[in-house]
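Each chain, letter by letter, is given below.
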Amino acid sequence: MTATTSPGRPGPTARPSPSMRSAGHARGLGPGSWSRPRRLLGAATVAVGPLVLLGGILYHPFIADLRHKHDVAVALEASTIRWSVAHLVAAVGSALVALAFLAVTAALRQRGEWRWSGRVVPFVVVGSTLFALLPAMEIAVLAASLAGADAEAVLIELDPWFRPVLLGSAAVFAVGMACAARAVVRARVLGRAMTALVVGALAVTAVARFLPFGAALTVGAAALVVGLLPLVGTVAARPPVPAGLG
């Protein structure tokens, strides 16, 4: 029967039952689920983001110890185009890495892991943003050098700003990596061996950010590639239907 309050006037529309809403969520129609194109875009970001960052670091002129400002200045002046392109690519890669972790944490939440995946995002975003400031600073040194300033002198004057940003970004990012590793373990989306690989790679990435050496930056970026690639399939795959709703 249809309830009415007066002739020609329909009564209140019946609301869908909780079971109907749950079934809609299970089919991927709920607000917490992603459509297939969005999942594929997120998976592509997880795959490409760390590779872009690694590419920028590999293209950067190799400097054994970044604390030696003379060596940095020599590398800067040797190829200004390579210097600017490498730092621009690294900055873009840092932004893509932040987006990659947004996709990973969303996929983990869709699989029921809310406690740690929710804590990853602010630390990774802030850490990646601060890290992107470092290439911006070094492009500014290039601009000063092209304007006639002594590059080594500019680097020395900039160092009191550069080091705190480097250490601050590394510390915040490390907290994000710890939360991400814990979220992957709790979500159980990978096998035991692959989970151990991801956790170890994220740990290496976190530690490498603190070390001002060319080799450490390269190893850290490569470890991030290793840590995120196994999660590409998780992001791309449709979340499983909870028991009892299939």
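Residues numbered from 1 in each chain as written. Predicted model: local features only at pLDDT ≥ 70, side-chain atom pairs only at ≥ 80, totals over all residues. Heavy atoms only, no water.

Regarding the overall build of the protein
A tally of regular secondary structure across the protein gives 9 helices and 2 strands. Each helix (α) and strand (β) of the protein, taken in turn from the N terminus, gives the series β-β-α-α-α-α-α-α-α-α-α. Burial analysis of the protein (246 residues in total) assigns 40% to the buried set. Across the protein, every contact between residues at least 6 apart in sequence was considered, and the portion connecting residues at least 24 apart equals 79%. Of the accessible surface of the protein, which amounts to about 13,000 Å², a share of 68% is contributed by carbon and sulfur atoms. (Helix = DSSP H or I, 4+ residues; strand = E, 2+ residues; numbered from the N terminus. Buried < 20%, exposed > 50% of the residue type's maximum accessible area, 1.4 Å probe, protein only. Contact = heavy atoms within 4.5 Å. Areas by Shrake-Rupley, 256 points an atom, 1.4 Å probe, with all protein chains shown as cover.)

Remarks on the side chain of Asp65
Topologically, Asp65 is positioned in the loop between α2 (36-59) and α3 (69-78). Here Arg67 takes part through its side chain, which lies 2.9 Å from a polar atom of the side chain of Asp65. With residues near it in sequence (within four places) discarded, Asp65 still touches Pro212 and Phe213. (Polar contact = N/O pair within 3.5 Å; in protein donor to acceptor, adjacent residues only side chain to side chain.)

Description of helix α8 (residues 214-228)
In this model, α8 (15 residues) spans 22 Å end to end at C-alpha, consistent with the 21 Å of a helix rising 1.5 Å per residue. Buried within α8 we find Gly214, Ala216, Gly220, Ala221, Ala223, Leu224, Val225, Gly227 and Leu228. (Expected span 1.5 Å × (residues − 1).)

Observations regarding the confidence of the model for the protein
Considering every residue of the protein, the mean pLDDT works out to 88; 85% of them sit at 70 or more. Considering only residues more than four positions removed or in separate chains, one finds that residues 1-31, a stretch of pLDDT under 50, has 19 contacts. (pLDDT = per-residue confidence, 0-100.)

Structural notes on the pattern of salt bridges
Using the criterion set out here, one finds 4 salt bridges in the structure. Here Asp65 ties to Arg67 by a salt bridge, and the two come within 2.9 Å at their closest N and O atoms. Given the relative accessible area of 11%, Asp65 is considered buried. Residues Lys69 and Asp159 are paired through a salt bridge, measuring 3.0 Å at the closest nitrogen-oxygen approach. Here Lys69, found in helix α3, pairs with Asp159, found in helix α6 (residues 151-187); they are 90 residues apart in sequence, far enough to count as distant. In this pair, the class of Lys69 matches that of Asp159, namely buried. Each of Lys69, Asp159 and Arg163 takes part in one network of salt bridges that share partners. (Salt bridge = Lys/Arg side-chain N within 4 Å of Asp/Glu carboxyl O.)

Some details on the packing of helix α4 (residues 80-110) against α6
For the pair α4 and α6, interaxial distance at closest approach is 11 Å and the crossing angle is 30 degrees. Between α4 and α6, the angle is such that the two are roughly parallel. Along this stretch, α4 crosses α6, giving a crossing that reads as left-handed. Every residue of α6 that contacts α4 at Val97, Phe101 and Leu108 is listed here: Phe173, Met177, Ala180, Ala183, Val184 and Ala187. Looking at the contact of α4 with α6 residue by residue, the classes come out as 9 nonpolar, no polar and no charged. (Axes fitted to C-alpha atoms, helices over the stretch in contact; angles between N-to-C directions. Parallel < 35°, antiparallel > 145°, perpendicular 65-115°, else oblique. Left-handed = near helix turned anticlockwise from the far one by under 90°. Nonpolar A, V, L, I, M, F, W, Y, C, P; charged D, E, K, R; others polar.)

With respect to the packing of aromatic side chains
If you walk through the whole model with that rule in mind, you get 0 aromatic pairs. The aromatic ring of Tyr59 is capped on one face by Arg82, whose charged end is 5.3 Å from the ring centroid. One cation-aromatic arrangement involves Arg209 over Phe173; the distance from NZ or CZ to the ring centre is 4.0 Å. (Phe/Tyr/Trp six-rings, centres within 6.5 Å; stacked < 30°, edge-to-face > 60°. Lys NZ or Arg CZ within 6 Å of the ring centre and 35° of its normal.)

Some remarks on unusual backbone geometry
The bulk of non-glycine residues show a negative phi, and the bulk of peptide bonds are trans. Backbone geometry places Arg188, a non-glycine residue, at a positive phi of 55 degrees. The class of Arg188 is exposed, set by a relative accessible area of 72%.

Looking at the side chain of Thr205
Note that Thr205 resides in helix α7 (residues 192-208). For Thr205, a relative accessible area of 1% corresponds to the buried category.

Notes on the nonpolar core
Val46, Phe101, Leu202 and Leu228 are the most contacted members of the largest nonpolar core, which has 44 residues in total. Looking at which element gives the most residues to this core, the answer is α6, with 12 residues. If sequence neighbours within four positions are ignored, Leu228 has contacts with Val46, Pro50, Ala100, Phe101 and Val104. One finds Leu76, Trp83, Val141 and Ala151 within the second-largest nonpolar core, a separate group that totals 10 residues. (Core = buried A, V, L, I, M, F, W, Y, C linked by side-chain atoms within 4.5 Å.)

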